[in-house]
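# Summary of the model geometry
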Amino acid sequence: MSTLDGEKAVLALREAGYRLTQPRLTVIQVLQDNDAGLKPEEVLKYGRMICASLSLVTVYRTLEILTQLGFVKRIHSERSCHSYASAGLDWHYLICQRCHRVIEFPCTGLETVLEQVKAQTGYIITQHLLELDGLCPACQGK
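An account of the accompanying structure is given in this report. Small disclaimer: the values here were computed from a predicted structure and weren't measured.

## Remarks on the overall build of the chain
- A tally of regular secondary structure across the chain gives six helices and five strands.
- Mapped in sequence order, the helices and strands of the chain form the string α-α-α-α-β-β-β-β-α-β-α.
- Here the chain holds 142 residues, and 36% of them are scored as buried.
- Taking the intrachain contacts of the chain between residues at least 6 apart in sequence as the baseline, contacts between residues at least 24 apart amount to 54%.
- Total accessible area computed for the chain in this model is approximately 8700 Å², and 52% of it derives from carbon and sulfur atoms.

## Digging into helix 1 (residues 6–15)
- If you check which residues of helix 1 are buried, you get G6, A9, V10, A12 and L13. Take helix 1 and look down its axis: the buried residues cluster within an arc of 165°, on one side only. Away from the buried face of helix 1 by more than 90 degrees, exposed residues E7, K8, R14 and E15 are located.
- The inward-facing, buried residues of helix 1 abut helix 2 (22–33) and helix 4 (56–68).
- Looking at the residues trailing helix 1, positive phi occurs at G17, about 90°.

## A look at helix 3 (residues 40–48)
- For helix 3, every residue scored as buried is listed here: P40, V43, L44 and G47. The buried residues of helix 3 all sit within an arc of 100° when viewed along its axis, so they share a single face.

## Notes on a nonpolar patch on the surface
- On the surface, a nonpolar cluster with roughly 350 Å² of combined accessible area is contributed by V113, V117, Y123 and I125.
- As for its placement among the helices and strands, Y123 is situated in the loop between helix 5 (110–121) and strand 5 (129–134).
- Judged by relative accessible area, which is 58%, Y123 ranks as exposed.

## Description of the nonpolar core
- With 20 residues, the main nonpolar core has L4, V27, I28, L31, V43, V59 and L66 as its most contacted residues.
- Taken together, the elements giving at least two residues each to this core come down to helix 1, helix 2, helix 3 and helix 4.

## Structural notes on the environment of L69
- Along the chain, L69 turns up in the loop between helix 4 and strand 1 (72–75).
- L69 sits in the partly exposed class, given a relative accessible area of 32%.
- Discounting residues that sit within four places of it in the chain, L69 has contacts with A12, L13 and A16.

## Thoughts on the side chain of T62
- Among the structural elements, T62 can be located in helix 4.
- Apart from the residues within four sequence positions on either side, T62 is in contact with R24 and V27.

## Some remarks on the packing of helix 2 against helix 4
- Running from N to C, helix 2 and helix 4 point in directions that differ by 65°, and their axes come no closer than 10 Å. In this view, helix 2 runs roughly perpendicular relative to helix 4, as classed from their interaxial angle. Like other packed secondary-structure pairs, helix 2 and helix 4 cross with a definite hand, here right-handed. Each of P23, R24, V27, I28 and L31 in helix 2 lies in contact with helix 4, whose residues at this interface are T58, V59, T62, L63, I65 and L66.
- The class makeup of the residues in the contact of helix 2 with helix 4 is eight nonpolar, two polar and one charged.

## Remarks on the state of the cysteines
- Per the counting criterion, the structure on display carries zero disulfides.
- Free cysteine C96: the closest other cysteine sulfur is in C139, separated by 3.6 Å.
- Looking at C139, the relative accessible area reads 1%, which means it is buried.

What counts and how
- Residues numbered from 1 in each chain as written.
- Predicted model: local features only at pLDDT ≥ 70, side-chain atom pairs only at ≥ 80, totals over all residues.
- Heavy atoms only, no water.
- Helix = DSSP H or I, 4+ residues; strand = E, 2+ residues; numbered from the N terminus.
- Buried < 20%, exposed > 50% of the residue type's maximum accessible area, 1.4 Å probe, protein only.
- Contact = heavy atoms within 4.5 Å.
- Areas by Shrake-Rupley, 256 points an atom, 1.4 Å probe, with all protein chains shown as cover.
- Arc of directions from axis to C-beta.
- Patch = residues over 30% accessible without salt bridge, like charges linked within 9 Å, V, L, I, M, F, W, Y side chains within 5 Å.
- Salt bridge = Lys/Arg side-chain N within 4 Å of Asp/Glu carboxyl O.
- Core = buried A, V, L, I, M, F, W, Y, C linked by side-chain atoms within 4.5 Å.
- Axes fitted to C-alpha atoms, helices over the stretch in contact; angles between N-to-C directions.
- Parallel < 35°, antiparallel > 145°, perpendicular 65-115°, else oblique.
- Left-handed = near helix turned anticlockwise from the far one by under 90°.
- Nonpolar A, V, L, I, M, F, W, Y, C, P; charged D, E, K, R; others polar.
- Disulfide = S-S within 2.5 Å.

Right under this line is the structure:
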């Protein structure tokens, strides 16, 4: 999975007029250092090791900003909570149903399907999200 490009995210925050506070920079660092999708509570847990004053409200607000700026993508979960993962050009994720780890995977050949959807519906596809649920290799052995 690609990790968050922290330098680009910081520059985008600055250009969008957001203050570069230590808690916001901490959220970016946590996302940059982790290649798996993280729940906001996990971002908080890892972030507090760097910045003790980090709050869950700041985590949620920063994740929302980074989502709006296109640096992270909200990944859906069966348990009505969400994870956030680095956003590439197109988003293809495998989600383990047991441990809830999220990994990005390359997906070739999907262009043909998208062209068929466009031809059948008239929609111009500007982005897509593909999530596949299953069991990761570690959980299969349990």
